[in-house]
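Geometric and topological summary
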Amino acid sequence: MKILTAAQTRQLDQATMQEQHLTSVELMERAAEALVEWFCQWLDQEQAGEVLVLCGPGNNGGDGLAAARLLHQSGYQMRVALLPAATQAADWQHNRLHLPEAIAVAEINEGQLPEIQPNTVVIDALFGTGLARPLGGLAAALVRHLNAARARVVSVDIPSGLYAEASQPRENVAVRARHTVSFGTPKLAFLLPQNAELVGEWHVKDIGLSEPFIACSTSPWHYTDAAAVAGTLPARPRFSHKGTFGHALLLAGSRGKIGAAVLAANACLRGGVGLLTARVPGCGYDIFQTSVPEAMCLADPAADYLSELPELKPYQAVGIGPGLGQEDASLAVLRQLLEAATAPAAAQQRPLPLVIDADALNLLGRHREPAGATARKHGAHPHPKEFERLTEPARDDYHRLELLRAFAQRYRCLVLLKGAYSCLATPAGELHFNSTGNPGMATGGSGDVLTGLLLALRADARLRPFEAARLGVYAHGRAGDLAAEKPATRV
Ligand SMILES: NC(=O)C1=CN([C@@H]2O[C@H](COP(=O)(O)OP(=O)(O)OC[C@H]3O[C@@H](n4cnc5c(N)ncnc54)[C@H](O)[C@@H]3O)[C@@H](O)[C@H]2O)[C@@H](O)CC1
Ligand SMILES: Nc1ncnc2c1ncn2[C@@H]1O[C@H](COP(=O)(O)OP(=O)(O)O)[C@@H](O)[C@H]1O
Ligand SMILES: [K+]
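Residue positions are counted from 1 within each chain, in the order its sequence is given. A letter from A marks each chain and a number from 1 marks each ligand, given out in the order of writing. It should be noted that, the model being predicted, local features are given only for residues of pLDDT at least 70 and side-chain atom pairs only at 80 or more, the latter also being counted only at that level, while totals for whole chains, interfaces and linings use all residues.

**With respect to the site of ligand 2**
Among the 19 residues in the neighbourhood of ligand 2, the closest are listed as Gly 437, Pro 439, Ala 442, Ser 446 and Gly 447. For the shell around ligand 2, the leading source of residues is helix 17 (residues 446-459), giving four residues. Residues are grouped as follows: nonpolar covers Ala, Val, Leu, Ile, Met, Phe, Trp, Tyr, Cys and Pro; charged covers Asp, Glu, Lys and Arg; every other residue, Gly included, is treated as polar. Of the residues assigned to the shell around ligand 2, the class counts are six nonpolar, eleven polar and two charged. The rule is simple: place the C-beta atom from the backbone, and if it lies within 6 Å of a molecule or strand, the residue is near it. Each helix is a run of DSSP H or I of at least 4 residues and each strand a run of E of at least 2, with the numbering of both proceeding from the N terminus.

**Here's the deal with the environment of Leu 97**
Its location among the elements puts Leu 97 in helix 5 (residues 90-97). The class for Leu 97 is exposed, based on 8 C-beta atoms found within 10 Å. Taking C-alpha positions, Leu 97 is 9.5 Å from Leu 65, a pair spaced 32 residues apart along the chain. Counting other C-beta atoms within 10 Å of a residue's own tells you its class, since 20 or more makes it buried, 12 or fewer makes it exposed, and anything in between is partly exposed; those C-beta atoms are placed from the backbone.

**Comments concerning the confidence of the model for the chain**
Per-residue confidence from the predictor is reported as pLDDT, a score between 0 and 100. Per-residue pLDDT for the chain averages 94, and the proportion of residues at 70 or more is 96%. Our summary of model confidence lists the complex with pTM equal to 0.94 and ipTM equal to 0.89.

**Here we look at the pairing of strand 13 (residues 354-357)**
Neither face of strand 13 is left uncovered, since the one carrying Leu 354 and Ile 356 and the one carrying Val 355 and Asp 357 both have all their residues buried. Strand pairing is assigned whenever DSSP identifies at least 2 bridges connecting the two strands. Two strands pair when backbone bridges link them, and strand 12 (residues 317-320) and strand 13 are joined in this way by three bridges, in the parallel orientation. The partner of Gly 319 across the bridge, within strand 13, is Val 355. Pairing between strand 13 and strand 14 (residues 379-381): three bridges, direction parallel. Along strand 14, the bridge assignment pairs Val 355 with Gly 379.

**A closer look at the sheet that holds strand 14**
Spatially, 8-17-16-15-14-13-12-9-10-11 is the arrangement adopted by the ten strands of the open sheet, whose pairing is mixed. With partners counted over all chains shown, the strands left at the sheet margins are strand 8 (221-224) and strand 11 (296-299), one partner each. Between one strand axis and the next, the sheet turns by 20° as a mean value, whatever way the strands run. Sitting on the sheet, helix 18 (residues 465-485) touches strand 8, strand 14, strand 15 (414-417), strand 16 (423-425) and strand 17 (431-434), and the angle it makes with strand 15 is about 15°. Fitting a line to C-alpha atoms yields each axis, with helices limited to the stretch in contact; the angle taken between N-to-C directions then spans 0 to 180 degrees. Contacts are defined on C-beta atoms placed from the backbone: any two residues whose C-beta positions lie within 7 Å are in contact.

Shown next, in the form of structure tokens:
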């Protein structure tokens, strides 16, 4: 799914109206209906009590007025407060005229901010994607008053005061919503950790916006949902054999971190790899062979860390990093690997795919390895701290995205910045945010599992590098979501 800018969303509205012969009032009604449908599923009339709708002067406020009418018709007890402005949008005026008289309407002023209790349900329809500058004056005072009340807030389209895709100073005033109900496509702002406390849980409702327009729009930002990965995984042919799916080499583990190698190996096998060989330090040999009997194991001559790179010829992909440690000898192994993979033997059909993660990235960062030589044509999967070691500290989440995009473009590699909405950057400058996963995965070992899964998909020559990476990240999060759905087993 594409993520569009506020400006593109406005064009999308126009295109939708033309294509479907709709008036703007009819489109606004669709948005209000979608919001109200969500609202009614969230809280019934009794649970909601009195619902206060705060309306700004634009179309976001128009959505709020239409929703107030529809909720009133569904039996909710409604109150509306209007933010004064010199002019109001035409569709706002239409919906103001059609507001039932039974709904109490007040105009907000400095001396008379609306009464809001902690249990009040508030619909925030002050500003949406038309926000043009930071909130100030009465609007800022109202939002501060709302946030201080700690009420149950539902923001329409986007929390008022938050920009849809632009960075903004932290001191800017914005609504802290419990839920944000948006229309059509998600906003970039929803996917960044720095906005989490404002956006709350977000929901995107389909209001039938123009598919052809979305298909033609260009955007660097994408949201990987089930539809994006559907059909990516090739079927396993009836007459396939272990050679069909590739032979992967995993370089992992050091004393005290053999578990990382085991986790990555198990995930690689679950990912469908044909054959897996792991290279672990001597101390890990027995542990690994006992824990993962399906995999082959090569013991490194060093007992506690990896010190030698094995012959690479048999392998279709190599993964390096989980539990590797920070020894200089392991950095030498990493350097040799990068060199060998970047300048493949003439006989090799394609450069050897690499999956670089965890301690391997820390080694690269610690030694300020020239990233161009190393990352070329490979895939790296840092979490924000690891990424910072590879590049520079980011000013905020938007700046981090810029750094990520620039890194992938400059060094022509796929880079995955891990997190709640892991972001996969491509050499073409696209950013693909993953939709699956949950906070239960915020635990040591989750990243090792991802490395193993990605290694399996990269070893399968039938998948293109980007498709393998996007699918692996999606499947990893989906596995976590399925695990979270299972009832907990008590011992
Ligand atoms: N496809 C969609 O997503 C649809 C969106 N609609 C709604 O339309 C909204 C966008 O409407 P608008 O473009 O009218 O924009 P808004 O309603 O967000 O606000 C625009 C108004 O606020 C003023 N304004 C902007 N920043 C201000 C500030 N900091 N302080 C004070 N005033 C400020 C502007 O001058 C203008 O009068 C969306 O967020 C959504 O709620 C729906 O009505 C129709 C379908
Ligand atoms: N809150 C979250 N929501 C969704 N996914 C998460 C969350 N926290 C962590 N994850 C996922 O779990 C994995 C953790 O990786 P990483 O930080 O490298 O951990 P490890 O130290 O176990 O290797 C990443 O794929 C990340 O996207
Ligand atoms: K809003």
